[in-house]
2 protein chains.
Amino acid sequence: MTNFSFESLATCSHTKARAGVFYTPHGEVETPRFMPVGTLANVKTITPAQLKDTGAQMVLSNTYHLHLQPGEAIVAGGGGLHKFMGWHGPMLTDSGGFQVFSLSEMRKITEEGVTFRSPHDGQMIKLTPERSIEIQNILGADVIMAFDECPPYPATRQEVEAATDRTYRWLERCITAHKRSDQALFPIVQGGVYLDLRVQAAEALAKLDMPGYAIGGVSVGEPTELMAQIVQTTAPLLPVDKPRYLMGVGTYREMAIAIASGVDLFDCVIPTRWARHGTAIVSSERWNLKNAKFREDFTPLDETCPCYACVNFSRAYISHLVRSQEILAYTLLSIHNITELIRFTQKIRESILSDRFLEDFGHWLKTPEVGETEA
Amino acid sequence: MTNFSFESLATCSHTKARAGVFYTPHGEVETPRFMPVGTLANVKTITPAQLKDTGAQMVLSNTYHLHLQPGEAIVAGGGGLHKFMGWHGPMLTDSGGFQVFSLSEMRKITEEGVTFRSPHDGQMIKLTPERSIEIQNILGADVIMAFDECPPYPATRQEVEAATDRTYRWLERCITAHKRSDQALFPIVQGGVYLDLRVQAAEALAKLDMPGYAIGGVSVGEPTELMAQIVQTTAPLLPVDKPRYLMGVGTYREMAIAIASGVDLFDCVIPTRWARHGTAIVSSERWNLKNAKFREDFTPLDETCPCYACVNFSRAYISHLVRSQEILAYTLLSIHNITELIRFTQKIRESILSDRFLEDFGHWLKTPEVGETEA
C-alpha cells in the first residue's frame, strides 16, 4: 500500500487535534478537512470546476446509488469514477452498507450479506462484502470502505454487539476480496453508543495494518454528548500514523469535537441538502433566504467568504432566486455552504499548525445547551 | 444617443447578410449574434461566469417577470440589473408586452395600456407605454424595448392593423417617456403575416432616428416560409446603419434566413428550455439524452464543441445525470446548447467576413421539407 501515506505535521499541545497530509494516487488531502458528497457521481447542482473552487480536495460518491444507476460497468466504461465525473482529485466511495440498511426496502440480512429490492426496477439485489468490494474496485475511487452492518439508533446492546461482530467478520472477507493496490481499504469501527463495544472494535481493527480507519454509526440520532463520548473514546485507539475518518458528520461542533480527539476527515450532505432548501450557512447559523429581511439586503451572504456566490452576489439577489425557485439559487448556496464547511476545517488546520486550536476553537468543544440550534 | 453605434464590417456579395459591431455602454456585441435569455435576472441553471464562457455577449431579461418578482425597486437597490445579476456585459430588456399578451390572465386592453391579474398575488396590474419605459429605465439595461401590442397568430387583417397602429401610437408615448441617454430604445415592427402592413410599419419606424430596430410577432406559430417572407420584406426597409433584432427567433434555419435579409441579433429560450428537458442541440439535431443509445456512448456530445460540457464529459455521463434527474444535467446541457447557437452565429459572422456566407450556409436558406424536423 505504498500509494498511500499519512504525515502528521503538528499536534495540539492541549488536545489530540492534529494537522496532517493524506497522500493518495490522485493527490494530497490536507487534514483536518471536510469532504463534499457526490452521491450520484456529481456533487448536486455544481460542476467539478465549481467544486474545486470551494477548496474541496477529496470527494465522496455512493456505491449503493452508483450500482443502481448508471451501474459500475458504465462508470468503468467511462474510464472509472474520476474520469466519468470529471473530478481528478482524491475520491472515496462508501460500501453501500449504510444506504442498504437505512434506505432500502424488503431487505433481508444473513451472514452472507444483504438482499434488498431495487427502487429502480423492483428486482432483488444482493450485496455482500465481496460484491461491495468488487463494485468499488470497478468504480476506482482512491479510498474504498469496508462493507459493514450499521445498527440503527436506538438499538439494544445485543443487537449492536451482533452487528459489530458481523462487521468484523465481513471486514476479513473485504480484505480478502480487495484486488487493487491503488485503492486503500478503510475498515469501520461500529459499536453504537456502547463504549466498551467501541473500544473492543477499535482495538481489534487497530491490530490490522490498514491504510486508514473510519468511525461509523455516529450522528444517527444520538445526542451530541453521546456522539462526543464515542469519538473521544474511539479515535485515540486508532493508529496514530493513519488517517481517521468520521463518517456522515459535518456540523461545526461535531467536527471540532472530533478533531480534538484526533479525527482528520469528515463528510456530510448537509451543505448541498440545505442549499436545495434555500438555506445558507453563515456565521455558524442557518439562514433561510426566503426570510423577508433578506429581500432588500444588498450585502454578500458573508463578507469574509471568498466563494463565487459571496464575491459576486447579494443576499437580496439570492433571496430573489430562492423565491423564484430558480435552480441557480441552489447552485450558489451549494457553492457557499461547501466553501464554508471546508473553510472551517481549514481554519482549524491553521490553528493547529500555530498551536492555537484551543484558544481559537475551544468554544466549540462544549456540547450545546438544550434548545440551542445551530448549523 | 452617442453611447450607441453600429459599425458594418462586411456585407455578403449575394445576400443582405452583414457582419458588424454594435457598441453599447457595457461593451461590444459582434453581429450576427445569438443572445441568451435570462428571464428572471439569470439565465436558468448557469452562473454569469459559465454564461460568459459560452461566448455570450448580450443577454436579455424580461420586464414583465422582473416587475412581478423581485420588482424593479429591488433590482435598482442592488445597483441595477447588471450589478444585481452579476452580468457586466451588454443587456437588453423587453417591454413586457409580449408576456402580457401571451401569458397573463384577465387582461383588458385599452388605448391607455393593458390591465392584467398578477399571477403572484392576484392583484390587478396596469402596464402602459409610460410605465413599461419607467420600469425599464429603473432596471437599467443597455437596450430597452418599446411597449407594443403583439397580435396572436392567426388574427384577422383588421385585428392586426389595429394592433400595428396602436403599436405606433404607443411608440410615440414610449419615446416621450424615455429618460436615460445611456439606454437605447428600440421600436418594434409589427404587422402579423400581412406584408403590406409590415412594409407600412417598417417605413414609418425607419423615419424615426432610433438607435436600433426590432422585428416582432414572428415565430409565433406561422409556417417558416411565411416567417421568411416577413423578414425578407421587413428587414431591408430598416436603416442600414442601425442594428436589427429579430425577436424570439433561435433555430438555425430561421436565423440563417434572417441573417441573409440583414438581421443582426436574435434571442430565444430554446437552448435553456430544451436543456431542462434533457435535450442537446448537436449537428443541428435535437438529441434526447435519455435515449438508450447514449447510455454507453463515451464520446463528447460534440467533438468540435469547445464548451465546458463537451470538453469534460461524455454523452454517457450526461445521459446518466438526465436519467437521475440531477440538476447538473440541465446546467451542462444549457452551457452546451447556448454555446452551440452562439457558435452558429459566430461561424456565419466569419463566413460573411470572408464572403463565403452563401457557399457555407446557403443550404440553410431553403425552407424545410414538410415533415422534416430539426433544431
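Residues numbered from 1 in each chain as written. Chains lettered and ligands numbered in written order. Predicted model: local features only at pLDDT ≥ 70, side-chain atom pairs only at ≥ 80, totals over all residues. Heavy atoms only, no water.

A. Just the packing of aromatic side chains, in detail. Inspection of the entire model under this criterion finds 26 aromatic pairs over all chains. Between B:F344 and B:F361 the ring centres are 5.7 Å apart and the planes differ by 80°, which places this aromatic pair in the edge-to-face class. Here B:F344, found in helix α14 (residues 327-353), pairs with B:F361, found in helix α15 (residues 357-361); they are 17 residues apart in sequence, far enough to count as distant. The exposure class of B:F344 is buried, given its relative accessible area of 5%. When its relative accessible area of 9% is taken as the criterion, B:F361 is described as buried. Of the aromatic side chains, those joined through ring pairs into one cluster are A:Y252, A:F344, A:F357, A:F361 and A:W364. Directly above the aromatic system of A:W274 lies the positively charged group of A:R286, at a separation of 3.9 Å from the ring centroid. (Phe/Tyr/Trp six-rings, centres within 6.5 Å; stacked < 30°, edge-to-face > 60°. Helix = DSSP H or I, 4+ residues; strand = E, 2+ residues; numbered from the N terminus. Buried < 20%, exposed > 50% of the residue type's maximum accessible area, 1.4 Å probe, protein only. Lys NZ or Arg CZ within 6 Å of the ring centre and 35° of its normal.)

B. Here's a closer look at the pairing of strand β3 (residues 27-31) of chain A. All names here are of chain A. Two elements, strand β2 (residues 18-24) and β3, share five bridges in a ladder whose sense is antiparallel. Residue pairing across strands places F22 opposite V29, the latter belonging to β3. Counting the residues that bridge the hairpin from β2 to β3 gives two residues. (Pairing = 2+ DSSP bridges.)

C. Main features of the UniProt feature "domain: tRNA-guanine(15) transglycosylase-like" (unreviewed entry) in chain A. Taken from the UniProt record, the annotation "domain: tRNA-guanine(15) transglycosylase-like" (unreviewed entry) applies to residues 15-366 of chain A. Segment residues 15-366 of chain A splits into 41% helix and 17% strand. End C-alpha atoms: 14 Å apart. (UniProt positions renumbered as here; feature names shortened; annotations may be inferred.)

D. Representation of the sheet that holds strand β11 (residues 184-186) of chain A in the model. Residue and element names in this part refer to chain A. Strand order across the open sheet formed by four strands is β5-β6-β10-β11, with parallel pairing between neighbours. Two strands bound the open sheet, and with one partner strand each, they are β5 (59-61) and β11. Along the sheet, successive strands turn relative to each other by an average axial angle of 25°, direction set aside. Bridge count for strand β6 (residues 91-93) against strand β10 (residues 143-145) is two bridges, and the pairing is parallel. Bridge assignment links T93 to a residue of β10, and that residue is I144. (Axes fitted to C-alpha atoms, helices over the stretch in contact; angles between N-to-C directions.)

E. Focus on the UniProt feature "binding site: Zn(2+)" (unreviewed entry) in chain A. Residues and elements named next belong to chain A. Following the UniProt record, the feature "binding site: Zn(2+)" (unreviewed entry) maps to C305, C307, C310 and H336 here. The greatest C-alpha distance among the annotated residues, which extend across 32 residues, is 8.1 Å, indicating that they converge on a single site. With respect to the helices and strands, C305 occurs in the loop between β17 (285-288) and α12 (308-312). Judged by relative accessible area, which is 4%, C305 ranks as buried. With near-sequence residues (within four places) excluded, C305 lies in contact with C310, V311, H336, T339 and R343. Tracing the sequence through the fold places C310 in helix α12. (Contact = heavy atoms within 4.5 Å.)

F. Region of the structure containing the side chain of A:S314. All names here are of chain A. You can see S314 is positioned in the loop between α12 and α13 (315-323). Residue class for S314 comes out buried when judged on its relative accessible area of 9%. Within the structure, S314 has its side chain in polar contact with the backbone nitrogen of Y317 (distance 3.0 Å). When neighbours within four sequence positions are excluded, S314 is seen to be in contact with D297, F298, T299 and P300. (Polar contact = N/O pair within 3.5 Å; in protein donor to acceptor, adjacent residues only side chain to side chain.)

G. Broad picture of the pattern of salt bridges. Residues and elements named next belong to chain A. Following the criterion strictly, the structure yields 33 salt bridges over all chains and no others. Two residues, D264 and R18, come together in a salt bridge whose shortest N-O distance is 2.7 Å. In this pair, D264 is assigned in the loop between α10 (252-260) and β15 (265-267) and R18 in strand β2, connecting sequence segments 246 residues apart. On the accessibility criterion, R18 (3% relative accessible area) is buried. Through salt bridges with shared partners, a single network forms among E111, E149, R166 and R169. (Salt bridge = Lys/Arg side-chain N within 4 Å of Asp/Glu carboxyl O.)

H. Expanded view of the sheet that holds strand β4 (residues 33-35) of chain A. Residues and elements named next belong to chain A. A sheet is described by the order of its strands in space; here five strands give the open sequence β4-β15-β14-β13-β12, paired in parallel fashion. Every interior strand has two partners, whereas the edge strands, β4 and β12 (188-189), have only one. By the bridge criterion, two bridges tie strand β14 (residues 244-246) to β15 in an arrangement that is parallel. Bridge pairing links Y245 to L265 in β15.

I. Representation of the packing of helix α9 (residues 224-234) of chain A against α10(A) within the structure. Residues and elements named next belong to chain A. Following both chains from N to C, one finds α9 and α10 inclined at 25°, their axes separated by 9 Å at the closest point. As summarised for this structure, α9 and α10 are arranged roughly parallel, according to the angle between their axes. Crossing handedness for the pair α9 and α10: right-handed. Across from T224, M227, A228, V231 and Q232 in α9, the residues of α10 making contact are R253, E254, I257 and A258. The class makeup of the residues in the contact of α9 with α10 is five nonpolar, two polar and two charged. (Parallel < 35°, antiparallel > 145°, perpendicular 65-115°, else oblique. Left-handed = near helix turned anticlockwise from the far one by under 90°. Nonpolar A, V, L, I, M, F, W, Y, C, P; charged D, E, K, R; others polar.)

J. Looking closely at the relation of the copies chain B and chain A. For the pair chain B and chain A, the best superposition has an RMSD of 0.0 Å and corresponds to a rotation of 180° with a translation of 0.0 Å parallel to the axis. Both copies are brought into coincidence by an operation consistent with a two-fold rotation axis. Taking C-alpha positions as reference, the residue of chain B nearest the rotation axis is B:I327, located at 3.9 Å. Of the residues that chain B buries at the interface, 100% are likewise interface residues in chain A, meaning the two copies contact each other through the same surface. (Least-squares fit on C-alpha atoms with pLDDT ≥ 70 in both.)

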